[in-house]
Amino acid sequence: TVVGDVPAQGAEDDPWEQAMEQCQRLGAKVVVTCKGDMTTVRIEHERVEMVEACRLQLAYATAFDVFTEDGKDLLFLPPGARQMQEAQRATRAYIHWDKASRTVRIFGKECERQNAIAFLSQAVKDLARLHHGDFALQNKAVKAIRQNNGLDELSQLTGLADVRLWGNTLSAWGDAEKVQALQKLVEERGWVRKVQPMRRAANELCGLCMCEFDESVFQLQACGHRFCTACLKGAFANPDYSSFPVCCPQPTDGGGMCKQAFAWRDMVALFPPDSL
C-alpha cells in the first residue's frame, strides 16, 4: 500500500499516468481509494516481485523527500526502525526505507513530509545517545527467555525499550545505566556464556561466539568454516549485516576476517526471507 499525494490524472506526460500504465503492462490490478485528504493505492498481483515493482513505480510518481541527516544510518538499527514506524504513524507521511542502499524516502503532502523530517531528525539525535550492549547467553537461558516471555520481563525490570534476542546473543539499546543493569541481571541469573580461551584450535570454536559449538553446527560451503547455527542466524537477522555480498565472518590470525562470499544455498538457509 502506498499512501500520500497522488497527482491529478489526465495531464500530458503525467508521471502518475505513466506509472499506472506500467503497472498495467506488468499485469497488476491497481485500486485507488480516496477518503478525505488521504489516498490509498492497493496493488494486486500473483507474484510478490511484481507487486514490489509496481509499488516502486507508483511511489516514485508521487512527491517525496530524501532524508539526508547526518547519522541517518542509525535509523537502520532495531531501535531506529521503531522510530521510523512511529514517525509514519505520528505524521501521516509514508516512509520507505531501503536497508541495502541506506536510503529513507518520505512521501506525502508538503507539511507531512516536513513534519516527518523534523521527527526523524530528533530521532537520530536520540539514537546517537543510546548505548548498545551484546551478551552471549547459555542455551538454557535462551530457552527460558523464549518460553516465558523473557524479553518483556527484562524490559520491565531494566526499563529498556529495545531488548532483542539474536540467536544466543542478547542485544539491548538504551541509557548506559539501564544497559549495565541488564548486564548485572543476566550475570546474577547465571545466564552468561563463558568464552573459551583463544588458545583453542580455531576449528574447535564458533567464530562468532568464540565458544564450543552448540548441538546444531552450520558449515559454509564456500570456505568450510563452521559456526553455531543459532549464532549465524542471529547475526544475519541484524540489519547491520544486510549489505551484499555477504562474507564469512570467521576471524583470521591477522586480525581480519575470512571474507569468502556466501554460497546462495547458505544464504537461503540462514537469512530471513524478506532480506533475499
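Notes on the structure in this doc start here. (Residues numbered from 1 in each chain as written. Predicted model: local features only at pLDDT ≥ 70, side-chain atom pairs only at ≥ 80, totals over all residues. Heavy atoms only, no water.)

## Some details on the nonpolar core
How we decide: We define a nonpolar core as any set of buried Ala, Val, Leu, Ile, Met, Phe, Trp, Tyr and Cys residues linked to one another through side-chain atoms lying within 4.5 Å. In this scheme, a residue with accessible area under 20% of its type's maximum is buried, one over 50% is exposed, and one in between is partly exposed, where area comes from a 1.4 Å probe on protein chains only. Helix and strand definitions here come from DSSP, where helices need a minimum of 4 consecutive H or I residues and strands a minimum of 2 consecutive E residues; each element is numbered from the N-terminal end. Contacts are assigned to residue pairs that have any heavy atoms within 4.5 Å of one another.
Judged by nonpolar contacts, the single largest core of 18 residues is most densely connected at C206, L220, L232, F236, F262, L270 and F271. Going through the elements one at a time, β11 (226–228), α8 (229–235) and α9 (264–270) are the ones with two or more residues in this core. At three residues, α8 tops the list of elements feeding residues into this core. Ignoring anything within four residues of it in the chain, the contact list for L220 reads H225, F227, L232, C248, F262, D266 and L270. Of all hydrophobic cores here, the second largest spans 16 residues; its members include A141, V142, I145 and L154.

## Concerning the sheet that holds strand β7 (residues 131–136)
Here is the rule we go by: In this analysis, strands are considered paired if DSSP registers two or more bridges between them. Note on geometry: axes are C-alpha line fits, over the in-contact stretch for helices, and angles between N-to-C directions span 0 to 180 degrees.
Read from one edge to the other, the open sheet built from three strands follows the order β7-β9-β8, with strand pairing classed as antiparallel. Strands with a single pairing partner mark the edges of an open sheet, and in this sheet they are β7 and β8 (162–166). The mean inter-strand angle of the sheet, taken between neighbouring strand axes irrespective of direction, is 15 degrees. As paired elements, β7 and strand β9 (residues 169–174) share six bridges and run antiparallel to each other. Of the residues in β9, the one forming a bridge with D134 is S171. Sitting on the sheet, helix α3 (residues 78–91) is in contact with β8 and β9, with an inclination near 125 degrees to β8.

## Some thoughts on the side chain of D266
Under the convention used in this document: Positive charge is attributed to Lys and Arg, negative charge to Asp and Glu, and no charge count is given to His or to the chain ends. By convention in these notes, a salt bridge is any Lys or Arg side-chain nitrogen within 4 Å of a carboxyl oxygen on Asp or Glu. Two N or O atoms form a polar contact when they lie within 3.5 Å of each other; inside protein one atom must be a possible hydrogen donor and the other a possible acceptor, and for residues adjacent in sequence the pair counts only when both atoms belong to side chains.
Mapped onto the elements, D266 comes out in helix α9. For D266, which is buried and forms no salt bridge, the nearest opposite charge comes from R265, at a distance of 6.8 Å. Here the side chain of D266 touches Q221 through a polar contact of 2.9 Å, landing on its backbone nitrogen. For D266, the contacting residues outside a window of four places in its chain are F218, Q219, L220, Q221 and A222.

## Details of the packing of helix α6 (residues 150–158) against helix α7 (residues 176–188)
Applied cut-off: If an angle is under 35 degrees, it is roughly parallel; if it is over 145, roughly antiparallel; if it lies from 65 to 115, roughly perpendicular; otherwise it is oblique. Note on convention: near helix rotated counterclockwise from far helix by under a right angle means a left-handed crossing. Clockwise means right-handed. Residues are grouped as follows: Ala, Val, Leu, Ile, Met, Phe, Trp, Tyr, Cys and Pro are nonpolar; Asp, Glu, Lys and Arg are charged; every other residue, Gly included, is polar.
Close contact between α6 and α7 brings their axes to 9 Å; oriented N to C, the two are set at 125 degrees. It follows that α6 is oblique to α7 by the angle criterion. In the packing of α6 onto α7, the handedness of the crossing is right-handed. Contacts between α6 and α7 pair L154, L157 and T158 from the former with K178, A181, L182 and L185 from the latter. Split into classes, the residues belonging to the contact of α6 with α7 amount to five nonpolar, one polar and one charged.

## A closer look at the pairing of β9
In terms of burial, β9 is a largely internal element, five of the six residues being buried. Bridging between β8 and β9 involves five bridges; their strand directions are antiparallel. Note on β9: the bridge partner recorded for R164 is S171.

## Considerations on the pairing of strand β6 (residues 103–107)
Regular strands place side chains that alternate from one sheet face to the opposite one. Counting buried positions along β6 yields five of five residues, so the element is predominantly enclosed. Here β6 shows a buried face lined by T103, R105 and F107 and a second buried face lined by V104 and I106. Pairing of strand β4 (residues 64–66) with β6 involves three bridges; the strand directions are antiparallel. Within the sheet, the bridge partner assigned to V66 lies in β6 and is R105. Of the strand pairs in this sheet, strand β5 (residues 94–98) and β6 are connected by five bridges, and their pairing is antiparallel. Paired with Y94 across the strands is F107, a residue of β6.

## Concerning helix α4 (residues 110–128)
The condition is simple: Working rule for helices: expected span equals 1.5 Å times residues minus one.
Taking 1.5 Å per residue as the helical rise, α4 with its 19 residues ought to reach 27 Å, and the 27 Å between its terminal C-alpha atoms agrees with that figure. Looking at α4, one finds that the buried residues are E112, R113, A116, L120, S121, A123, V124 and L127. Buried residues in α4 make contact with β4, α3, β5 and β6.

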